Amino acid sequence: MSFSASSFLALALALVADAHPAAHSKPCNQPYDIPLIRNKDYGWFANISIGTPPQPMTVFTDWTWTSQYAISTTCDGVEGNTADCLSPAQQLFNQSNSATYKDETSLYPSESWFPNEFFPAPFNVDYASDVQTIGPVTSRIVLQTSNIQPGIFTQFTLPFGGIYGMMPDPKGENASDLSPFNQQYKDGAWPEPYAAFSFCPGPSCPEGADAIQTLGGYSKALARKGLHWYDVVDVPAVNELAFTFSPKIYSYWSIQVSGLFIGSERQALNTTAAKQGDGVPAAIFDHASKGRGIPLSTDAYARLVQITRAKPVPAGSPILSAPPNNGPQPFFTVDCRKTRFFPPITYTFSGDRTRWTVEPSEYIAKVGDACVIDARTLGKGSYLLGNFGDNFLKGKYVVFDFKKNRVGLAKV
Ligand SMILES: *[C@@H]1O[C@H](CO)[C@@H](O)[C@H](O)[C@H]1NC(C)=O
Ligand SMILES: *[C@@H]1O[C@H](CO)[C@@H](O)[C@H](O)[C@H]1NC(C)=O
Ligand SMILES: *[C@@H]1O[C@H](CO)[C@@H](O)[C@H](O)[C@H]1NC(C)=O
Ligand SMILES: *[C@@H]1O[C@H](CO)[C@@H](O)[C@H](O)[C@H]1NC(C)=O
């Protein structure tokens, strides 16, 4: 859909004129742009609400989580001893105050992950259902309510009340594993199975927004240079290298990387890992904190360090207390005056030959007066499994297709 003001209005009017009688309480016949605000520690936040009357909630939008997770009043299995688990300032969903809340534990058994990517204790969830309101849409979803252990968060306030999971959906599962967007789409609340992300400034960015997440469609204006679609592939190594969960979680927006270049120099990609069951070289789309830094194999990073004549950041340097990304690799500084002469990094993905480039201005980060290579590596040697997020996405438009399980990219 086009979001330029005039064509958008014309389109909206056309859609309203065409509208069929509503099958659900509040469906929407056009996409909706949720403004996102970037949080330096976590990633991207949005405002939604859950329950009746609607309880407003700021959610951490997460391309790498399954469900709608809501911090609830339940603590250690008991609904009312919230104070033993959460700080008094913690934003939460109070299920007792919602007339439409329904316990669904008889249909969907409670789950627990340990270890998990969220905190150093079992991540326990119960299943419930309630209505979720996002912009113009209100419809019932199955969601995860928190069941936290006492003590973990009593001294610490999370700056959000829930996690809006946007994972593609694992095969053969049910609503307990479907992202809230996909549940609402399947329920007829959204016109198309797409969710898209673009940085601000842009055509539908309100004042103060850092990015836009479009639900139920995508902007034809932003995709005008052409969307290239890439099928999602399975990468079992993801659960060892990128996101560690037990039981394991494998369903990500991951696509096969077919080429990696520094300037025009092709870098080796380990493809034998696939034979060992680890999966092909892959890009996992993730715009939370693990998606920061330009993803490189360990070998390609070493080559970039050599080409840019970068110097290791010494132990104890203040750079290490505010590094540009949270990857396990060492950091290197370069001569700031030379940045613009550095080579671009280019990726190709299985499906076509389009080259997706990241300029040095996107992979050199300023930390104080220093210029640091903002690269993130996972795995060994030439095995590339990278979290593709903010640094890769600058100047690009990304669309997730929940129906055909594919990722669309366009140059902006
Ligand atoms: C959510 O709403 C609050 C209150 O209006 C506002 O201050 C905040 O910036 C909003 N956050 C997002 C991510 O839109
Ligand atoms: C949740 O709502 C119930 C019923 O209104 C109230 O008694 C309880 O104090 C609330 N809990 C919290 C943590 O706000
Ligand atoms: C949903 O899937 C979970 C996990 O496979 C299973 O335990 C549960 O019984 C299923 N529930 C329904 C209602 O199908
Ligand atoms: C390829 O990567 C896999 C997984 O990291 C590793 O086990 C294997 O030794 C690597 N093979 C080569 C030839 O680098």
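Residues numbered from 1 in each chain as written. Chains lettered and ligands numbered in written order. Predicted model: local features only at pLDDT ≥ 70, side-chain atom pairs only at ≥ 80, totals over all residues.

## Section: the overall build of the protein chain
Along the backbone of the protein chain there are 6 helices and 26 strands. Relative to the globule expectation of 22 Å for 412 residues, the C-alpha radius of gyration of the protein chain, 22 Å, shows essentially globular dimensions. By its C-alpha atoms, the protein chain is 65 × 55 × 45 Å across when sized along the principal axes. The buried share among the 412 residues of the protein chain stands at 46%. (Helix = DSSP H or I, 4+ residues; strand = E, 2+ residues; numbered from the N terminus. Rg over C-alpha atoms; globule rule 2.2 N^0.38 Å. Buried ≥ 20, exposed ≤ 12 C-beta atoms within 10 Å, placed from the backbone.)

## Observations regarding the domain arrangement of the protein chain
By domain assignment, the protein chain separates into domain 1 (5-215) and domain 2 (228-411). For domain 1 and domain 2, the distance between their C-alpha centres works out to 28 Å. Facing the 27 residues of domain 1 at the interface are 23 residues of domain 2. Looking at the side of domain 1 that touches domain 2, the elements that each hand over two or more residues are β2 (43-50), α2 (180-186) and β10 (194-199). It is β10 that provides the largest number of residues to the side of domain 1 that touches domain 2, a total of 6 residues. Taken together, the residues that form the side of domain 1 that touches domain 2 break down as 18 nonpolar, 5 polar and 4 charged. (Domains from an automatic or database assignment. Contact = placed C-beta atoms within 7 Å. Nonpolar A, V, L, I, M, F, W, Y, C, P; charged D, E, K, R; others polar.)

## Describing the pairing of strand β13 (residues 254-262)
Taken together, the 3 bridges between β13 and strand β15 (residues 282-285) define a ladder with antiparallel strand orientation. Within β15, the position partnered with serine 254 by the bridge is isoleucine 284. Inspection of the sheet shows β13 paired to strand β14 (residues 265-266) by 2 bridges, in the antiparallel sense. If you follow phenylalanine 261 over to β14, its bridge partner there is arginine 266. Hairpin connection, β13 to β14: the antiparallel pair is bridged by 2 residues, and glycine 263 has positive phi, about 60°. (Pairing = 2+ DSSP bridges.)

## Considering the sheet that holds strand β17 (residues 311-312)
The strand order β17-β18-β22-β21 describes an open sheet built from 4 strands, whose pairing is antiparallel. Edge positions in the sheet fall to β17 and β21 (364-367), since each has one partner strand and no second. Bridge analysis of β17 against strand β18 (residues 332-334) gives 2 bridges, and the strand direction is antiparallel. Directly across from lysine 311, in β18, lies its bridge partner threonine 333.

## Notes on the site of ligand 4
Surveying the vicinity of ligand 4 reveals the residues Asn270, Thr272, Ala273, Gln276, Asp278, Gly379, Lys380, Gly381, Ser382 and Tyr383. Classifying every residue of the shell around ligand 4 gives 2 nonpolar, 6 polar and 2 charged. (Near = placed C-beta within 6 Å.)

## Considerations on helix α4 (residues 298-307)
Taken as a whole, α4 has its buried residues at Ala300, Tyr301 and Leu304. Each buried residue of α4 sits inside an arc of 100° when the element is viewed along its axis, so together they form one side. Looking at the buried residues of α4, the elements they touch are β13, β16 (294-296), β22 (370-373) and β23 (375-377). Looking one or two residues past α4, arginine 309 carries a phi angle of roughly 50°, positive in sign. (Arc of directions from axis to C-beta.)

## Some thoughts on the pairing of strand β26 (residues 406-411)
Both strand β12 (residues 228-231) and β26 contribute to a ladder of 4 bridges, which runs antiparallel. Looking at β26, one finds that tryptophan 229 is bridged to glycine 408. Direction of pairing for strand β25 (residues 396-401) relative to β26: antiparallel, over a ladder of 6 bridges. Looking at β26, one finds that valine 399 is bridged to glycine 408. Between the antiparallel neighbours β25 and β26 lie 4 residues, among them asparagine 405 with a positive phi of about 55°.

## Some words on the site of ligand 1
Around ligand 1 sit Pro35, Ile37, Phe45, Ala46, Asn47 and Thr58, and those are all the residues in its vicinity. Where the shell around ligand 1 is concerned, the elements lending two or more residues are β1 (32-39) and β2. Considering every element that reaches the shell around ligand 1, the biggest residue donor is β2, with 3 residues. Its residues assigned to classes, the shell around ligand 1 shows 4 nonpolar, 2 polar and no charged.

## Considerations on the environment of lysine 394
Assignment of secondary structure puts lysine 394 in the loop between α6 (390-393) and β25. Placed 72 residues apart in sequence, lysine 394 and alanine 322 show a C-alpha to C-alpha distance of 22 Å. Sequence-distant contacts of lysine 394, defined by excluding residues within four places in its chain, comprise Phe199 and Glu362.

## Overview of the nonpolar core
By size, the foremost hydrophobic cluster in this structure holds 109 residues, and its most contacted members are Ala283, Ile284, Ile373, Leu385, Val398 and Val407. The two domains that each donate at least three residues to this core are domain 1 (5-215) and domain 2 (228-411). Beyond its immediate sequence surroundings of up to four residues, valine 398 is in contact with Ala196, Phe197, Phe285, Leu393, Val407 and Leu409. (Core = buried A, V, L, I, M, F, W, Y, C linked by C-beta atoms within 7 Å.)

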